[in-house]
Amino acid sequence: MTLPLFETDRLILRPRSMADFDACIAMDRDPEVTRFVAGPWQDPPRHEAFTKTRITTDYGPGLGYWSIFPKASPEIFHGWILLIPIDAIGPEIEIGWRIPRISWGQGFATEAAQVIADHAMNTLRLDRIIAEIHPENHASINVATKIGMIETDRTPDAIIYARS
């Protein structure tokens, strides 16, 4: 099953592809963007291998990554949103997003996340989706609550939000 393309009033969400690779790498290399996300961001070979694997993996029907583009400038990458098994292994399904700094504060993450959360619940008929968010990542916490997620658990490194 190929991933669907989604449109909102302002955005196009299309399945992420290798055409987005360079933009993803550039976004991840901004330490402010990845401040709350552990990953191989400062190790170029590992970062590139990780990103290629994430782009090319089949996560199951209706699951994967979507790249975000504004309709007004459809050639400009404005981040991605994911709906995949948590840590790429599951069993729970995770929703997540990453937006470059140039796109912060414009509501793109919330708008994209709402579409993908609705897809998870209404099309895929998932019982629940979760988001693991660093306790200091207030912007992502705001996105999660705006799309109807509620806090269900805490660890020292993450607040777990869920939507059923």
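The coordinates are above.
Criteria and thresholds
- Residues numbered from 1 in each chain as written.
- Predicted model: local features only at pLDDT ≥ 70, side-chain atom pairs only at ≥ 80, totals over all residues.
- Heavy atoms only, no water.
- Helix = DSSP H or I, 4+ residues; strand = E, 2+ residues; numbered from the N terminus.
- Buried < 20%, exposed > 50% of the residue type's maximum accessible area, 1.4 Å probe, protein only.
- Contact = heavy atoms within 4.5 Å.
- Polar contact = N/O pair within 3.5 Å; in protein donor to acceptor, adjacent residues only side chain to side chain.
- Pairing = 2+ DSSP bridges.
- Phe/Tyr/Trp six-rings, centres within 6.5 Å; stacked < 30°, edge-to-face > 60°.
- Lys NZ or Arg CZ within 6 Å of the ring centre and 35° of its normal.

**What to know about the environment of Trp97**
No. 1: If you trace the backbone, Trp97 turns up in strand S5 (residues 93-98).
No. 2: In this structure Trp97 comes out as buried when scored by relative accessible area, which is 13%.
No. 3: Trp97 sits 11 residues away from Phe108 along the chain, and the two C-alpha atoms are 9.9 Å apart.
No. 4: Not counting residues within four places of it along the chain, the set of residues in contact with Trp97 comprises Trp80, Ile81, Ala109, Ala113, Ile133, Ser140, Val143, Ala144 and Ile147.
No. 5: Polar contacts involving the side chain of Trp97 include one to the side chain of Ser140, which spans 3.0 Å.

**Digging into the pairing of S5**
No. 1: Judged by how many residues are buried, S5 sits mostly within the fold: six of six residues are covered.
No. 2: Residues Ile93, Ile95 and Trp97 point to one face of S5 and Glu94, Gly96 and Arg98 to the other, with burial holding for every one of them.
No. 3: One ladder, built from six bridges, connects strand S4 (residues 80-85) with S5; its direction is antiparallel. Across the sheet, Leu83 pairs through a bridge with Ile95, a residue of S5.

**Comments concerning the packing of aromatic side chains**
No. 1: For the structure shown, the criterion picks out five aromatic pairs.
No. 2: Judged by centre distance (5.0 Å) and plane angle (75 degrees), the ring pair of Tyr65 and Trp80 falls under edge-to-face. Of this pair, Tyr65 sits in strand S3 (residues 64-70) while Trp80 sits in strand S4, and the two are 15 residues apart along the sequence. For the residue pair Tyr65 and Trp80, the accessibility class agrees, reading buried in each case.
No. 3: Where Phe69 meets Phe77, the ring centres are 6.2 Å apart and the plane angle is 70 degrees; that geometry is what we call edge-to-face.
No. 4: Three or more aromatic residues joined by ring pairs form one cluster here, namely Tyr59, Tyr65 and Trp80.
No. 5: Of note, Arg16 hangs over the ring of Tyr65, and the distance from its end group to the ring centre comes to 3.9 Å.
No. 6: The ring of Phe21 carries the charged tip of Lys52 above its face, separated from the ring centre by 5.5 Å.

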